[in-house]
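# What the coordinates show
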Amino acid sequence: MKLPGEIEEAYKIALKAQENSHSPYSRFAVGAAIKFVGDEKVYPGCNVENISFGGTICAERSAIVSKVSQKGKGSVEYAVVVANTQTPTPPCALCLQVFSEFCDQDFPIYMGNKEKMLKKMTFRELLPFSFTNLEEGQSE
Ligand code: THU
């Protein structure tokens, strides 16, 4: 897949972050790189597992939390996710839900491995209906 220059750069950032993955339990190392609208920086993330498995955070959420901590909230422009798989690794449903708080529906998500980029999909394709209507369901 021919990538725009800036996506190529983000891909390298995701691969570098993947090297920091702490994944002794699953042995499934993931790296992410996320760019937000109006922010030059591309935020890296990796999965950080915990022996209490529920304490694990995915690469994508680690990148989002890092951005919000450093610069406040924003809207995702694009994301890159890499894993050591031959088929694309999409963000898990929990990560997609977290993305939904900080994005427009049509931002691209690129999925690849060390050798190549495998697939590009939009956020909307991966999560067509996210949970967004908390107010409507509130009781008096
Ligand atoms: N994981 C991610 O970091 N991102 C994904 O998109 C899929 C799953 C992590 C969580 C866990 O550490 C390991 O991969 C296996 O599920």
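You'll find the structure just up there.
These numbers were taken from a predicted model, which means no experiment stands behind them.

### A look at the site of the ligand
Surveying the vicinity of the ligand reveals the residues Ser26, Phe28, Val30, Asn47, Glu49, Thr56, Cys58, Ala59, Glu60, Pro90, Pro91 and Cys92. In this structure, an oxygen atom belonging to the ligand sits 3.2 Å away from a main-chain N or O atom of Pro90. The protein chains hide 79% of the 380 Å² of surface that the ligand would expose on its own. For the shell around the ligand, a count of residues per class yields seven nonpolar, three polar and two charged.

### A short note on the side chain of Ser23
Mapped onto the elements of the fold, Ser23 is located in the loop between α1 (5-18) and β1 (30-36). Accessibility expressed as a relative area gives 12% for Ser23, which makes it buried.

### Remarks on the sheet that holds strand β4 (residues 108-112)
Pairing is mixed in the open sheet, where five strands are placed in the order β2-β1-β3-β4-β5. Two strands close off the open sheet at either side, each with one partner strand: β2 (42-46) and β5 (117-122). Put simply, the sheet's adjacent strands are angled 15 degrees from each other on average, direction ignored. Looking at chain direction, β4 and β5 are connected through five bridges and run antiparallel. Bridge assignment links Ile109 to a residue of β5, and that residue is Met121.

About the criteria used
- Residues numbered from 1 in each chain as written.
- Predicted model: local features only at pLDDT ≥ 70, side-chain atom pairs only at ≥ 80, totals over all residues.
- Heavy atoms only, no water.
- Near = heavy atom within 4 Å.
- Polar contact = N/O pair within 3.5 Å; in protein donor to acceptor, adjacent residues only side chain to side chain.
- Areas by Shrake-Rupley, 256 points an atom, 1.4 Å probe, with all protein chains shown as cover.
- Nonpolar A, V, L, I, M, F, W, Y, C, P; charged D, E, K, R; others polar.
- Helix = DSSP H or I, 4+ residues; strand = E, 2+ residues; numbered from the N terminus.
- Buried < 20%, exposed > 50% of the residue type's maximum accessible area, 1.4 Å probe, protein only.
- Pairing = 2+ DSSP bridges.
- Axes fitted to C-alpha atoms, helices over the stretch in contact; angles between N-to-C directions.

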